[in-house]
Amino acid sequence: MTPFPINPHLIQDLEHYAASSIEDDLLLTKVRAQYPKASLAEIRRAALYITTDPFPANAAVAARMSRFVRSLGQ
């Protein structure tokens, strides 16, 4: 068990949105609309989970999530 459980549906939706060509701001807006109770920290953890997957299904999505995580830190 992880110290901070991550909603698997949030991870799936982030991967789906990351595969599209929408801007980071719109991606965050869509995720927040779909998961209104998710904190920014939880969204960031889900994005980091995708980024650190040792066997990513899609390397471009992992790279996009890496950029997204950096944009959340600003």
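As the structure is a prediction and not an experimental result, all values here were calculated from the model.

Scanning the chain from N- to C-terminus turns up four helices and zero strands. Considering only C-alpha atoms, the chain reaches an extent of 30 × 25 × 25 Å along its principal axes. When each of the 74 residues of the chain is scored for burial, the buried share is 32%. Contacts in the chain between residues at least 24 apart in sequence constitute 61% of all its contacts with a sequence separation of at least 6. Carbon and sulfur atoms provide 58% of the accessible area of the chain, an area that totals close to 5000 Å².

Before going further, it helps to examine helix α3 (residues 40–51). With twelve residues, α3 should cover 16 Å at 1.5 Å per step; its first-to-last C-alpha distance of 16 Å lies within 8% of that length. Buried within α3 are the following residues: Glu42, Ile43, Ala46, Ala47 and Ile50. The buried residues of α3 occupy an angular sector of 140° when the element is viewed end-on, so they sit on one face. The secondary structure elements touched by the buried residues of α3 are α1 (8–19), α2 (24–34) and α4 (59–72).

Procedures and definitions
Residues numbered from 1 in each chain as written. Predicted model: local features only at pLDDT ≥ 70, side-chain atom pairs only at ≥ 80, totals over all residues. Heavy atoms only, no water. Helix = DSSP H or I, 4+ residues; strand = E, 2+ residues; numbered from the N terminus. Buried < 20%, exposed > 50% of the residue type's maximum accessible area, 1.4 Å probe, protein only. Contact = heavy atoms within 4.5 Å. Areas by Shrake-Rupley, 256 points an atom, 1.4 Å probe, with all protein chains shown as cover. Expected span 1.5 Å × (residues − 1). Arc of directions from axis to C-beta.

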